[in-house]
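Breakdown of the fold
One letter stands for each residue in the lines below.
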Amino acid sequence: MDREELALEVAWNKYHQLLERLETLQSVVVAFSGGVDSTFLLRAAVTALGIDNVLAVTADSETYPERERDAAIALAEEMGAKHVALKTSELNIPGYAENPVNRCYFCKNELFSHLIPIADEYALNQVVFGAIADDLGDHRPGLQAAKERGVLAPLQDVMLYKREIRYLSKELGLRTWDKPSLACLSSRIPYGEIITERKLNMVDQAEFFLTQLGLRQVRVRHHDSLARIEVPREHIVEVAQMADMITTKLVEIGYRYVALDLAGYRTGSLNEVLDGRSTANSNGHSLV
């Protein structure tokens, strides 16, 4: 057995461990964003527990693009899962809009405070969310909120990594297998800069425009009047060739300056200020 075959066998073993882990919970509420990880978790929960013992809940807020909410609803329907869209507002959470370095703690704590009563209302045993093994090595204050609330992360429990989840999702026929990584719109605004609905809307409009140009993985980091665009390095030249069109549109949206980050796209680039990471060495993203 070569190295790749061994890696795939390990992934399948982890999947079966996941199903066994979910079976011990008997019934669950899944915090469901419609991203790669939460979609895989929902599919596994439905497989392990049956549709009557699973409820997917999507938070519908100003930090979550409406198109993503609609996509989450469609995905849950495809899997036959019961689904609830929960109206929330992160900007009304005390301390959130000030954008401290533990901003995600406030968000996840608020979300879980809604999901736990929903679990009680539907007589479901446990709330679970889609944290994965990769999250253990990054700045993730939301993990602390989950721990405090007793919310479980089954994917993390069996040490499933993103590359494995993408591979398994493809094998299971989930169309999210190659979906670009997602994060709430607030993650585009540097820590310490006040988060407002206007800023979130600007980021959302700018990123949607860039995706309409054919760019799948893109971030627009909001630095006051400057938009810093991150795309994978192999697409930097492509973006530069469309500089005039992109600049015109982003200025129309409300930015004064538009910059292209030559370090390329990387997850959580605004966390680099927390630990002094070099942007030049933070681009590795291997997938099975």
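Everything in this summary refers to the structure shown in the same document.

About the cut-offs
Residues numbered from 1 in each chain as written. Predicted model: local features only at pLDDT ≥ 70, side-chain atom pairs only at ≥ 80, totals over all residues. Heavy atoms only, no water. Helix = DSSP H or I, 4+ residues; strand = E, 2+ residues; numbered from the N terminus. Buried < 20%, exposed > 50% of the residue type's maximum accessible area, 1.4 Å probe, protein only. Polar contact = N/O pair within 3.5 Å; in protein donor to acceptor, adjacent residues only side chain to side chain. Contact = heavy atoms within 4.5 Å. Phe/Tyr/Trp six-rings, centres within 6.5 Å; stacked < 30°, edge-to-face > 60°. Lys NZ or Arg CZ within 6 Å of the ring centre and 35° of its normal. Axes fitted to C-alpha atoms, helices over the stretch in contact; angles between N-to-C directions. Left-handed = near helix turned anticlockwise from the far one by under 90°. Nonpolar A, V, L, I, M, F, W, Y, C, P; charged D, E, K, R; others polar.

This paragraph deals with the side chain of lysine 162. Locating lysine 162 in the fold gives a position in helix H7 (residues 162-171). In this structure lysine 162 comes out as buried when scored by relative accessible area, which is 17%. At 2.8 Å, the side chain of lysine 162 forms a polar contact with the side chain of aspartate 37. The contacts of lysine 162, once residues within four sequence positions are left out, are Val36, Asp37, Ile132, Asp134 and Ser181.

A separate point is the packing of aromatic side chains. Counting across every chain of the model gives 5 aromatic pairs. Ring geometry for tryptophan 12 against tyrosine 15: centres 5.7 Å apart, planes inclined by 80°, an arrangement best described as edge-to-face. Residue tryptophan 12 and its partner tyrosine 15 are located together in helix H1 (residues 3-25), separated by 3 residues, close to a single helical turn. When the centroid spacing of 5.3 Å and the interplanar angle of 70° are considered together, the rings of phenylalanine 112 and phenylalanine 129 count as edge-to-face. Of this pair, phenylalanine 112 sits in helix H4 (residues 103-121) while phenylalanine 129 sits in the loop between strand E4 (126-128) and helix H5 (142-149), and the two are 17 residues apart along the sequence. Taken together, the ring pairs connect Trp12, Tyr15, Phe40 and Tyr167 into an aromatic cluster. A cation over a ring is seen here: arginine 163 above tyrosine 161, with NZ or CZ 5.0 Å from the ring centre. When the ring centre of tryptophan 177 is taken as origin, the NZ or CZ atom of lysine 170, which lies over that ring, is 4.5 Å away.

Moving on, we come to the packing of H4 against H5. When two helices pack together, their arrangement is given by the angle between the helix axes and the distance between those axes. Between H4 and H5, the least distance of the axes is 7 Å, while the angle of their chain directions is 35°. As H4 packs across H5, the resulting crossing turns out to be right-handed. The segment H4 lies against H5, with Cys104, Tyr105, Lys108, Asn109, Phe112, Ser113 and Ile116 engaging Gly142, Gln144, Ala145, Ala146, Glu148 and Arg149. The class makeup of the residues in the contact of H4 with H5 is 6 nonpolar, 4 polar and 3 charged.

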